[in-house]
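# Overview (structure and organization)
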Amino acid sequence: MHLSLRIITTILIVFPLISCVKDAKEVTIEEDSNSDKVSDISLLSWAEDPKNRIESWVNTVTDSSSSNFIPVEDRIAVFDNDGTLWPEQPWPNQLQFALDYVKAKINERPNWQTDPFLTQISKGDYSVLEKARKEDVYNLVYASHAGMTESEFKEAVMKWMDTATNKKYTRKFNELVYSPMLELLEYLRQNQFKTFIVSGGGADFMRVFAEEVYGIPPYQVIGSYGDTSFEFVDGNPIISKIEGDIFYDDKEAKPIAIHRFIGKRPVFVGGNSDGDQAMMEYASASNYNTLCVLLHHTDEEREYAYDKKTLSGHMETALEMAKEKNWLVVDMKKDFLSIFP
């Protein structure tokens, strides 16, 4: 059975930026008697039109005298990760982690050396991904994501983040996050929104770096997850990642995950693909005045240009729904004044 690279990526990420330099900005906090918002927190990397719409919406929903006022306890903002907060091309970063992990560890694992697929991966021959069989994909997943304690997996991801370099930009992956989205996360939090990640990426993978990179603590990171076990080893309670059932947090699964782990319908959603459409529709059905922001990757020079023809981040029906629902579509080429910090 042969699988496309898109399917490989799908299966991989269900198993589950150490620092980011941001321009220092002095801000003045001014309280408004009719508002819970914080003034003068600038979206410096945004063009005027999307910036004005975001700020106008926030001003309205944080104004206690407005009919569109949203109480603080209901200010839930959710963001996709891959392609929304950092790049997902030529494939998601978590897949690159898996490939690099096999390359780094194969000399320590004799059983991997008898596997032709893993052997080719270890040599940097990624062309085998396009012709991979289902068992090949699972071997890659288990090799890089299972059979480890939670501490061992966290250490592996942290080491990769600290040493791996994106070939296109010759920068570490933890440096390649979108400046405008970092500003937006902070702007929302300054206005008393609670920010969550709701992504198809592995929850365990994202939780390693999300707090230091995005300011989002691990318990506010929702993603795909595989099976785990709990046992005592030498008297110590240990959680390990094992083979077993999986939950893939994409498309219709995202509203389900929001319900299951947050328990409230979001009023703000940030995404970039058809995989985020369902949670945007879920938010749009709220009794509150909501805002959905859909990133359209249009900048082939500073980042990538893609929508329909892509292995990751396919966007087609979401663009059509954006017109119907009046979602904010962000043209990254013209609306992002800068891409990375």
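Details of the structure are given in the entry above.
First, a word on what this report is: a plain description of the structure on this page. (Residues numbered from 1 in each chain as written. Predicted model: local features only at pLDDT ≥ 70, side-chain atom pairs only at ≥ 80, totals over all residues. Heavy atoms only, no water.)

## Points about the packing of aromatic side chains
Applying the stated criterion across every chain yields a total of 21 aromatic pairs. A centroid spacing of 5.6 Å and a plane angle of 80 degrees characterise the contact between Phe205 and Phe209, whose relative ring orientation is edge-to-face. The residues Phe205 and Phe209 share a single accessibility class, namely buried. An aromatic cluster of three or more residues is present, and its members are Trp86, Phe97, Tyr101, Trp112, Phe153, Trp160, Phe173, Phe205, Phe209 and Tyr214. Over the ring of Phe193 we find Arg75, and its NZ or CZ is 6.0 Å from the ring centre. Its guanidinium or amino end placed over the ring of Phe153, Lys241 lies 4.7 Å from that ring's centre, counting from NZ or CZ. (Phe/Tyr/Trp six-rings, centres within 6.5 Å; stacked < 30°, edge-to-face > 60°. Buried < 20%, exposed > 50% of the residue type's maximum accessible area, 1.4 Å probe, protein only. Lys NZ or Arg CZ within 6 Å of the ring centre and 35° of its normal.)

## Things to note about the environment of Val141
Take Val141: it is sitting in helix H6 (residues 134-145). Remark: the alpha-carbon pair of Val141 and Glu243, spanning 102 residues in sequence, is separated by 9.3 Å. (Helix = DSSP H or I, 4+ residues; strand = E, 2+ residues; numbered from the N terminus.)

## Describing the nonpolar core
Among the nonpolar cores identified, the biggest contains 73 residues, and Trp57, Phe205 and Tyr214 are the most heavily contacted of them. Core analysis: the second largest hydrophobic core is formed by 22 residues, Phe196, Ala257, Leu294 and Met321 among them. (Core = buried A, V, L, I, M, F, W, Y, C linked by side-chain atoms within 4.5 Å.)

## Here we look at the packing of helix H3 (residues 93-105) against helix H7 (residues 150-163)
In helix packing, the relevant descriptors are the interaxial angle and the interaxial distance, both defined with respect to the helix axes. Following both chains from N to C, one finds H3 and H7 inclined at 100 degrees, their axes separated by 11 Å at the closest point. In terms of orientation, H3 and H7 fall into the roughly perpendicular class. Within the contact between the two elements, H3 uses Asn93, Gln96, Phe97, Asp100 and Tyr101 and H7 uses Phe153, Ala156, Val157 and Trp160. By residue class, the composition of the contact of H3 with H7 is 6 nonpolar, 2 polar and 1 charged. (Axes fitted to C-alpha atoms, helices over the stretch in contact; angles between N-to-C directions. Parallel < 35°, antiparallel > 145°, perpendicular 65-115°, else oblique. Contact = heavy atoms within 4.5 Å. Nonpolar A, V, L, I, M, F, W, Y, C, P; charged D, E, K, R; others polar.)

## Here we look at the pairing of strand E7 (residues 236-247)
Remember that side chains alternate between the two faces of the sheet whenever the strand is regular. Bridge count for strand E2 (residues 148-149) against E7 is 2 bridges, and the pairing is antiparallel. Across the sheet, residue Thr149 finds its bridge partner in E7, namely Ser240. Bridge count between strand E6 (residues 221-233) and E7: 8 bridges; the pairing is antiparallel. Residue pairing across strands places Asp227 opposite Ile242, the latter belonging to E7. Hairpin remark: E6 followed by E7, antiparallel, with 2 residues in the connecting loop; positive phi at Asp234, about 55 degrees. (Pairing = 2+ DSSP bridges.)

## Description of the sheet that holds E2
Backbone-to-backbone hydrogen bonds join strands into a sheet, with any given pair of strands oriented parallel or antiparallel. Taken together, 8 strands build an open sheet; the order of strands is E2-E7-E6-E5-E1-E8-E9-E10 and the sheet is mixed. Pairing within the sheet leaves two strands with one partner each, and these edge strands are E2 and strand E10 (328-331). As paired strands, strand E9 (residues 291-296) and E10 are joined by 4 bridges and run parallel to one another. Paired with Leu295 across the strands is Val330, a residue of E10. Lying over the sheet, helix H8 (residues 179-190) contacts strand E1 (76-79), strand E5 (194-202), strand E8 (268-271) and E9, oriented at roughly 165 degrees with respect to E1.

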